[in-house]
Amino acid sequence: MHKSIVLIGLVTVLAGCATPRQMALLEGDAASTTKADVPAFTIADGDELQIVFSAQNAEAIAPFNSSGTQFIVDADGKVTLPVIGNVSLAGKTIRQAQDTLQQLVCRQVHNAIVQVSITNAVITVLGEVHHPMCISIKQAMPFLQAIGQAGGFTRNAKCKSIMVQRQQGEQIQQYRINLLTKELYTSPCYYLQKGDVVYVSPLHPAKVH
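Asks: Any chance you could explain the nonpolar core here in plain terms?
Replies: A general trend in soluble globular proteins is that nonpolar side chains are found buried together. Ile51, Phe53, Leu81, Leu89, Phe143, Phe153 and Val198 are the most contacted members of the largest nonpolar core, which totals 53 residues. Beyond its immediate chain neighbours, meaning those up to four positions away, Val198 contacts Thr124, Val125, Leu126, Phe143, Ile147, Ile162, Met163, Val164 and Leu192.

Asks: In this structure, what is going on with the pattern of salt bridges? I would like to understand it.
Replies: Side chains that carry opposite charge are capable of pairing whenever their charged atoms lie near each other. Overall, the coordinates contain three salt bridges when judged by the stated rule. Between Asp47 and Lys194 there is a salt bridge; the shortest N-O distance is 3.0 Å. Highlighted residues: Asp47 in the loop between α2 (20–25) and β1 (48–54) and Lys194 in the loop between β11 (191–192) and β12 (197–202), separated in sequence by 147 residues. By relative accessible area, Asp47 is classed as buried at 8%. Across the pair Asp99 and Arg95 runs a salt bridge whose closest N-O atoms are separated by 3.7 Å.

Asks: Mind showing me how you'd approach the layout of surface pockets here?
Replies: In this structure, the largest pocket spans a volume of roughly 630 Å³. Contributing to the lining of the largest pocket are 22 residues, with Thr42, Ala44, Gln167, Gly169 and Lys194 lying nearest its centre. With four residues, strand β9 (residues 157–168) is the largest single contributor of residues to the lining of the largest pocket. Residues that form the lining of the largest pocket fall into these classes: eight nonpolar, nine polar and five charged.

Asks: It is not clear to me how a negative patch on the surface should be interpreted in this structure. Could you clarify?
Replies: A contiguous patch of negative charge, built from Asp45, Asp74, Asp76 and Glu170, is present on the exposed surface. Mapped onto the fold, Asp76 is located in the loop between β2 (70–72) and β3 (78–81). Asp76 gets classed as exposed once you look at its relative accessible area, which sits at 63%.

Asks: Before we go on, may I ask you to explain the packing of aromatic side chains in this structure?
Replies: The description of two aromatic rings rests on the distance between their centres and on the angle between their planes. Per the stated rule, a full pass over the model turns up three aromatic pairs. Taken together, a centroid distance of 5.1 Å and an interplanar angle of 70 degrees make the contact between Tyr190 and Tyr191 edge-to-face. Judged by relative accessible area, which is 6%, Tyr190 ranks as buried. What links up through ring pairs into an aromatic cluster is the set Tyr185, Tyr190 and Tyr191.

Asks: Explain the side chain of Gln193 to me, please; I cannot follow it from the model alone.
Replies: Among the secondary structure elements, Gln193 is positioned in the loop between β11 and β12. Gln193 gets classed as buried once you look at its relative accessible area, which sits at 18%. Leave out the neighbours within four places in its chain, and Gln193 touches Pro39, Ala40, Phe41, Val122, Ile123, Ile137, Ala140 and Arg166.

Asks: Would you mind showing me how to read the pairing of β3 here?
Replies: Side chains on a regular strand alternate between the two faces of the sheet. Of the two faces of β3, only one is covered, namely that formed by Val79 and Leu81; the face formed by Lys78 and Thr80 stays uncovered. In terms of strand pairing, β3 meets strand β4 (residues 85–88) through four bridges, oriented antiparallel. Bridged to Lys78 within β4 is Ser88. The hairpin turn running from β3 into β4, its antiparallel successor, is three residues long, and Val83 in that turn takes a positive phi close to 70 degrees.

Asks: Sorry, what's going on with the side chain of Ser161 here?
Replies: By the secondary structure assignment, Ser161 is in strand β9. Residue classification places Ser161 among the buried positions, given a relative accessible area of 17%. At 3.4 Å, the side chain of Ser161 and the side chain of Arg176 are in polar contact. What Ser161 contacts, discounting residues up to four positions off in sequence, is Arg176, Ile177 and Ser201.

Conventions and cut-offs
Residues numbered from 1 in each chain as written. Predicted model: local features only at pLDDT ≥ 70, side-chain atom pairs only at ≥ 80, totals over all residues. Heavy atoms only, no water. Core = buried A, V, L, I, M, F, W, Y, C linked by side-chain atoms within 4.5 Å. Buried < 20%, exposed > 50% of the residue type's maximum accessible area, 1.4 Å probe, protein only. Contact = heavy atoms within 4.5 Å. Salt bridge = Lys/Arg side-chain N within 4 Å of Asp/Glu carboxyl O. Helix = DSSP H or I, 4+ residues; strand = E, 2+ residues; numbered from the N terminus. 1 Å grid on protein atoms, 1.4 Å probe; cavity = no way out; pocket = protein on both sides within 12 Å on 5 of 7 lines; lining within 4 Å. Points joined across faces, edges and corners; volume = space filled by probe spheres on them. Nonpolar A, V, L, I, M, F, W, Y, C, P; charged D, E, K, R; others polar. Patch = residues over 30% accessible without salt bridge, like charges linked within 9 Å, V, L, I, M, F, W, Y side chains within 5 Å. Areas by Shrake-Rupley, 256 points an atom, 1.4 Å probe, with all protein chains shown as cover. Lys, Arg positive; Asp, Glu negative; His and termini not counted. Charge placed at Lys NZ, Arg CZ, Asp CG, Glu CD. Phe/Tyr/Trp six-rings, centres within 6.5 Å; stacked < 30°, edge-to-face > 60°. Pairing = 2+ DSSP bridges. Polar contact = N/O pair within 3.5 Å; in protein donor to acceptor, adjacent residues only side chain to side chain.

Right, dumping it as C-alpha cells:
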C-alpha cells in the first residue's frame, strides 16, 4: 500500500512536466522496487538542539534544565550543559546522543530520561517548482513529499535532471536524479537529509534580452 501511494505521489508531482509517453514510463514496475530505510539525522556543528532532562524526582533533575533547553553545537562539535559540562555530540545520531547523555545524568539521578531533537533542520527546494521554499523537518523527508510541499513541478521543469546538493562532513556532494526512470528508488536522495538543497532546472531557460 505504501509503495502504491508513493507511485501516485510521483505521478502527481510529475503531472506538470511529463508528456503522456513519459507518464507511461512511471506506470511500470516502479511500485515493486524496494525503498531504502529512513536514514537517521547525524548531529553536526552549528545544529541547534533541544535537550530536555526528566525524571520522577523533579527536584533532583531540575539543575540539569537550569539554563533552558536550547543549545548550539559549537565548532568543536560540543555542547555545554548544566551540571554535566562539555559533551561531544557531533557525528552522533539523535539516538546515540540521547544514550550518551542519559548515561551521564543517570550517574546522579536515578532513571533519568533525556530527549534530544534538532530544531533548525531544513531542506531547500528551488527552481522550477510552484512554491520554492525552505521546509523544516524533524526527520529525513521523502524526496517526493518535499516536491509536493513546494507545490509540485512547473511545466518548465526538467524532470530528467534534478540536482540535489548535500554536505557530508567538509565535502559537498551533488547528485542528479532522473524522475522519468526508476533511479529515485535506489538513490541516496530518496530521503532528503537536513541541509539538502534541491534544484529543479528549467527545461527551456529564459532568454536574456
